[in-house]
Amino acid sequence: MIHGLGSNLGKTALLYPVVFLVALAGGMSSLGMIFFAKSVLGASPGQIGFLMAIWSTFYMCGCFSFRHLSATLPPRYSILVSTFISFLSIGMIVLLQSLFWSFVLFAFAGLAVSLFWPVVMGWLSTGLEGGHLSRILGWFNFSWSVGAILSPVVAGWLEDMGDSFALRGGSCTYLVAACLSFIGILLIPGLSNKIIVPTRI
């Protein structure tokens, strides 16, 4: 019965909401990390700036390093692993409340997200061209844009409720994305398809 329902669904039925959630979680986590580092960890502006740079650096390195892994690992697993590790990394930052471990775990979060965005973009565009590709990418851009627009609003609202609430919210949103990915794996048989990435840049 589950697979009968899933046969009527395409990969976009999973990817659009997950893309929205990951963009929302990423924005909440980034802004929440700044709030958390300043109010809870007592980090200096220089340390906070370096913390943000660490995430971007490891995300960039992951995008290059994991390219061949993406060619062999089904995208459903990449998406699930990415969202779940992001949930754990951000959640552990809140629990440990250590500046040192915040640097380490935020770097892991950057690596984890590098397993998400390149895979999703490659998977969405595989085998498509012309108007169909334009429509798919248009809805993809709409999904992540809405998440990115809402994330600072939600993060600010949560932080008004208490210290670390924005960071906790980002972690929980990653968990929701991971759960949705897992449900999608059960419902949509086509999610086992692999993507093709070039062997060279």
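Residues numbered from 1 in each chain as written. Predicted model: local features only at pLDDT ≥ 70, side-chain atom pairs only at ≥ 80, totals over all residues. Heavy atoms only, no water.

Enquirer: How should the confidence of the model for the protein chain be read in this particular structure?
Expert: Low-pLDDT stretches of the model should not have their predicted coordinates read in fine detail. On average, the protein chain scores 86 in pLDDT, and the residues at 70 or more come to 85%. The secondary-structure element of the protein chain with the lowest mean pLDDT is helix 1 (residues 2-6), recorded at 41, while helix 6 (residues 99-114) shows the highest, at 96. Confidence drops under pLDDT 50 across residues 1-8; counting only partners more than four residues distant or on other chains, this segment forms 10 contacts. Segment residues 194-201: pLDDT under 50, and 19 contacts once partners within four positions in sequence are set aside and those in other chains are kept. (pLDDT = per-residue confidence, 0-100. Helix = DSSP H or I, 4+ residues; strand = E, 2+ residues; numbered from the N terminus. Contact = heavy atoms within 4.5 Å.)

Enquirer: Teacher, can you tell me more about the nonpolar core here?
Expert: Most often, soluble globular proteins have nonpolar side chains that are buried together. Membership of the largest hydrophobic core comes to 39 residues, with the highest contact counts inside it found for Met33, Ile93, Phe116, Trp117 and Val120. Listed by contribution, the elements that provide at least two residues to this core are helix 2 (12-39), helix 3 (45-65), helix 5 (75-96), helix 6, helix 7 (117-125), helix 8 (130-161) and helix 9 (165-187). With 12 residues, the single largest contributor to this core is helix 2. Apart from residues no more than four positions distant in its own chain, Ile93 is found in contact with Met33, Phe36, Ser102, Leu105, Phe106 and Leu167. If you look at the next biggest cluster of nonpolar residues, it comprises five residues, including Met28, Ala155, Leu158 and Ala166. (Core = buried A, V, L, I, M, F, W, Y, C linked by side-chain atoms within 4.5 Å. Buried < 20%, exposed > 50% of the residue type's maximum accessible area, 1.4 Å probe, protein only.)

Enquirer: What's the story with helix 5 in this structure? I'm lost.
Expert: Since there are 3.6 residues in each turn of an α-helix, residues three or four apart along the chain are aligned in direction. Under the 1.5 Å per step criterion, the end-to-end length of helix 5 is 31 Å for 22 residues, consistent within 8% with the ideal 32 Å. One or two steps after helix 5, the chain reaches Gln97, where phi turns positive at roughly 50°. (Expected span 1.5 Å × (residues − 1).)

Enquirer: Sorry, what's going on with the side chain of Ser171 here?
Expert: Here Ser171 is to be found in helix 9. On the basis of relative accessibility, which here comes to 5%, the residue Ser171 falls in the buried class. Within the structure, Ser171 has its side chain in polar contact with the backbone nitrogen of Gly91 (distance 3.4 Å). In this view, Ser171 contacts Ser29, Phe87, Ile90 and Gly91; residues no more than four positions away in its chain are not counted. (Polar contact = N/O pair within 3.5 Å; in protein donor to acceptor, adjacent residues only side chain to side chain.)

Enquirer: What's the story with the packing of aromatic side chains in this structure? I'm lost.
Expert: The geometry of two aromatic rings is summed up by the distance between their centres and the angle between their planes. Per the stated rule, a full pass over the model turns up seven aromatic pairs. Look at Phe50 and Phe103: their rings are 5.6 Å apart centre to centre, the planes differ by 50°, and that puts the pair in the tilted class. On the criterion of sequence distance, the pair formed by Phe50 in helix 3 and Phe103 in helix 6 is long-range, its members being 53 residues apart. For Phe103, a relative accessible area of 19% gives the class buried. On the basis of an interplanar angle of 70° and a centroid distance of 6.2 Å, the ring pair of Trp117 and Phe140 is categorised as edge-to-face. Here Trp117 is found in helix 7, whereas its partner Phe140 is found in helix 8, with 23 residues between them in sequence. Here Trp117 matches Phe140 in class, with each residue buried. (Phe/Tyr/Trp six-rings, centres within 6.5 Å; stacked < 30°, edge-to-face > 60°.)

Enquirer: Looking at this model, I keep getting lost on the environment of Leu158. Mind explaining?
Expert: Inspection of the secondary structure assignment puts Leu158 in helix 8. On the accessibility criterion, Leu158 (14% relative accessible area) is buried. Along the backbone, Leu158 and Arg168 are 10 residues apart, and their C-alpha atoms lie at a distance of 9.0 Å. Residues in contact with Leu158, not counting those within four places in the same chain, are Met28, Phe165, Ala166 and Gly169.

Enquirer: So what exactly am I meant to see when it comes to a nonpolar patch on the surface here?
Expert: A contiguous nonpolar surface patch, about 540 Å² in accessible area, is contributed by Met92, Leu95, Leu96, Phe100 and Trp101. For the nonpolar patch, the secondary-structure elements that each account for two or more residues are helix 5 and helix 6. Examining the composition of the nonpolar patch, we find that three residues originate from one element, helix 5, more than from any other. Locating Met92 in the fold gives a position in helix 5. The partly exposed category is assigned to Met92, whose relative accessible area is 34%. (Patch = residues over 30% accessible without salt bridge, like charges linked within 9 Å, V, L, I, M, F, W, Y side chains within 5 Å. Areas by Shrake-Rupley, 256 points an atom, 1.4 Å probe, with all protein chains shown as cover. Salt bridge = Lys/Arg side-chain N within 4 Å of Asp/Glu carboxyl O.)

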